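# Analysis of the macromolecular model
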Amino acid sequence: MRASEVTANSGSGAIYSGIVQQDDDNKKSDPLMKVEALQIKFLRLVYRTGVSPSADVVAQVLYRLQLANLIKASESDARRTNLAINKARVIAAQQEAPGGPDLDVSMQILLLGKSGVGKSATINSIFDERKVATDALVPATHRIKKIEGTIKGIRVTVIDTPGLVSHYHGQRRNMKILNSVKHFIKRSPPDIILYFERLDHINSRYSDYPLLKLMTDILGSPMWFNTVLVMTHCSSSPPEGPDGYPLEYDTYTRYCKNVVQRHIQAAVSNTQLDNPFVLIDNHPMCRRNTKGERVLPNGQVWVSELLLLCGATKLLTEANSLLKFQDSFLLSQANTRLPSLPHLLSSLLKPHSSSSSDAIDSQLTEMSDEEDEYDQLPPFRILKKSEYENLTNEQKSAYLDELDYRETLYLKKQWKEGIRRKKLTEAQSDEVGDDYDESASPEIVHMSDMDIPLSFDSDYPVHRYRHIITDDQLFRPVLDPQGWDHDIGFDAINFEASQELKKNVSAAITGQMRKDKEDMYIHSECSVSYNAQRGCSLMGGMDMQTASKDLVCTVHGDAKFHNLPWNSIGGGISVTKFGNKYFAGAKLEDSVTIGRRVKLVANAGRMSGCGQVAHGGGVEITARGKDYPVREGSVTAAVSALSFEKETVIGANLQSDFRVGRGSKISVSANLNSRNLGNLSVRTSTSDHAEIALITVVSLIQFILRRRSAADNKDEQQIGTNLDD
């Protein structure tokens, strides 16, 4: 990759680096006019360096300045047109003419790299004079130095630093040097950082991750946004490829840049970071053009390329400061993102599993007080198969309806008996108290375990799907054919445990652990709940999961009180920690029961963190079927609203579960929001064998469509052949 190929992050890293600059003397001026002035400055810089105006670096920087200008103009509702590029070129050419104003551009550049990579030699090359001493055998720089000068009328300040060491035993020395650099640049931060590497020392065994990680930890991750990779010793011939011939120059330099870039991404833990790079050569025998400028084998004048790239980074940073863009491009973990506030708020507003079961318990309690209808039914004789086949269609339908009705009443009776036994057990445990005799427990009978071979056999299925089950614990494997172990489909281990600590107090924990050859992932949820007989319930829990090298931890608590027989009120809090960032939220919830079949729930909440706030709430109404809960028939309609960063999204959701006939169920789920985004899902389950017929129909349709498509392609080929003839 050439220096002119400014990658997406070189511009966006400068624009979105989040550096906020205070306005001098509180002058109120138009920032858009200042950005247009930066466009003219950049074009003057292009003329000064002699880089072609059609180079990629010029086009990309002008595009990003123009784009930033348009974004800010749309935010402020500005109706004036932006400065055209062609007009800016004319103004820049007039100012660069003899007698024009001076170019007000200065740059402060920090040099970092290992010993012997050519930092000091590069300083002498860009100033075209001997500014610092160099030595090919020993490190030439022993302390931090500041070198000032002028290059093509541009004031340049270079901060030279002692060379770092790549091997592990030099980490203490590296730490001392980097801390000195951090203290040196604290008062005057550099505009650009140049990180040096030797092109001829980069190969497949390149392993400078510890050094890059140490630089990131001491100087901070944002340093890489304004960093340019500098490859030295670039006049040497590329090595031979697999075919025995030397590699192409551009291909080889791009490969070396990608090797270093991958190690930087690993050190920063961000796969989106992509730094620009420039190729240089400081050898006295380096080829020069007619102007005396050093030229690389690919024809680049590297001093001009380096100067233009540094100036582009500086001007883009100034544009970001003027337009006051927020830091919307945060350094986050690889393949992960920081959790968004709307997502965390939605998770907080959702009811937890322990509290959702309260509605079923109260429903069952009400059912238990009713008189059993099943015992009042008249006797009914079950027909034999031969007798059933002799019935007419109307008689068969009436017979099956009667069976379904009796089955529903029988299931209700079982639910009621279960509630009665539960109440009786609780009453007896209260009466017995301390007089409980453990000897009255039934005799424990040990069940024989599965037979396992004496030696491990990978083909024996018992080893693959082994479970450990006790009264309150469960260990089981998580099977996935696409998991890391393709032979047996084993992907993770799941753990579940629950225990009643005291009366009305229970604890539960679930977790899952997955480990491959590189990383380990852990996800666990633990909770403690208290349910009082008077309708009060409390629950506290903690959820943890890994996100690359960080741990996401959420602590939450919920409380619910029945203030009236038909109304309950509750609330909850939540605190989430992700890396060094915290997100806190709270919610209020009210539930109203209308009769035994209709329930209305309203909630509202707020989540804040990282200087941002999200608000939200919703209303949900649920209508259950007359046979609930033994028959899962219900319709739920909900409306929710989320407000974040001056934008409000309103969504509607519909969920319906109902029976079709006597042996089929259908679940319909639909949602739509104000952004015209929605989803429709229809699922069905049946005890009949209709699914076999559906699969056959779908297969036949696919077969017919494929044959028709093949026939059309064949006709087109024949027509094309006839035309050729």
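Before any of the text, the structure's been laid out above.
Computed from a predicted structure; not experimentally measured. Starting from 1, residues in each chain are numbered consecutively following that chain's sequence as written. Given that this is a predicted model, residues contribute local features only at a pLDDT of at least 70 and side-chain atom pairs are listed and counted only at 80 or more, while totals for whole chains, interfaces and linings are drawn from all residues. As a convention, hydrogens and water are excluded, and side-chain values are obtained from all of the structure's heavy atoms.

## A word on the overall build of the protein chain
Along the protein chain, the regular secondary structure elements total 14 helices and 21 strands. Residue contacts follow a heavy-atom distance rule, with two residues in contact if any of their heavy atoms lie within 4.5 Å. When contacts within the protein chain are restricted to residue pairs at least 6 apart in sequence, those whose partners lie at least 24 apart make up 56%. Total accessible area on the protein chain is roughly 44,300 Å²; 54% of this is exposed by carbon and sulfur atoms. In DSSP terms, a helix is any run of H or I states spanning at least four residues, a strand is any run of E spanning at least two, and both are numbered starting from the N terminus. For the area figures, the Shrake-Rupley method with a 1.4 Å probe applies, and any residue is considered shielded solely by the protein chains shown.

## Thoughts on the packing of aromatic side chains
Aromatic pairing here means that ring centres of Phe, Tyr or Trp (its six-membered ring) are within 6.5 Å. Orientation follows from the plane angle: under 30 degrees is stacked, over 60 is edge-to-face, and everything else is tilted. One pass over the structure, following the stated rule, counts four aromatic pairs. Ring centres of Tyr195 and Trp224 lie 6.1 Å apart, and the angle between their planes is 75°; on these two criteria the pair is classed as edge-to-face. Placement of the pair is Tyr195 in strand 4 (residues 192-198) and Trp224 in the loop between helix 7 (209-219) and strand 5 (227-232), with a sequence separation of 29 residues. On the accessibility criterion, Tyr195 (1% relative accessible area) is buried. Consider the rings of Phe380 and Tyr399, whose centres lie 5.7 Å apart with planes at 25°: the pair is stacked. Note that Phe380 is positioned in the loop between helix 11 (353-368) and helix 12 (385-389) and Tyr399 in helix 13 (residues 393-432), a separation of 19 residues in sequence. Relative accessibility under 20% of the residue-type maximum defines a buried residue, over 50% an exposed one, and the middle range a partly exposed one, all with a 1.4 Å probe and only protein chains included. Under the relative-accessibility criterion, Phe380 is labelled partly exposed at 32%. According to the relative accessible area criterion, Tyr399 is buried, its value standing at 11%. In this structure, Lys131 is placed above the aromatic ring of Phe127, and the distance from its NZ or CZ to the ring centre is 5.2 Å. If you follow Lys396 out to its NZ or CZ, it ends over the ring of Tyr388, 5.4 Å from the centre. Charge over a ring is defined by NZ of Lys or CZ of Arg lying within 6 Å of the ring centre and within 35 degrees of the ring normal.

## Observations regarding the environment of Ile154
Position of Ile154 relative to the elements: it lies in strand 3 (residues 154-160). For the pair Ile154 and Gly311, spaced 157 residues apart in sequence, the C-alpha separation works out to 9.6 Å. In this view, Ile154 contacts Leu45, Leu103, Val105, Met107, Gly149 and Leu307; residues no more than four positions away in its chain are not counted.

## Describing unusual backbone geometry
Positive phi, close to 55°, is recorded for Lys152, a residue that is not glycine. Along the polypeptide, Lys152 turns up in the loop between strand 2 (145-151) and strand 3. Even without being a glycine, His233 presents a positive backbone phi close to 55°. With respect to the helices and strands, the residue His233 is situated in the loop between strand 5 and helix 8 (249-268). Taking relative accessible area as the criterion, His233 reaches 31% and is therefore assigned partly exposed.

## Regarding the pairing of strand 3
Counting buried positions along strand 3 gives six out of seven residues, so the element sits mostly inside the fold. Bridge count between strand 1 (residues 106-113) and strand 3: five bridges; the pairing is parallel. By the bridge assignment for strand 3, Met107 is matched with Val156. The hairpin turn running from strand 2 into strand 3, its antiparallel successor, is two residues long, and Lys152 in that turn takes a positive phi close to 55°. For two strands to be treated as a pair, DSSP must find no fewer than two bridges joining them.

Worth remembering: the numbers are spatial, not functional.
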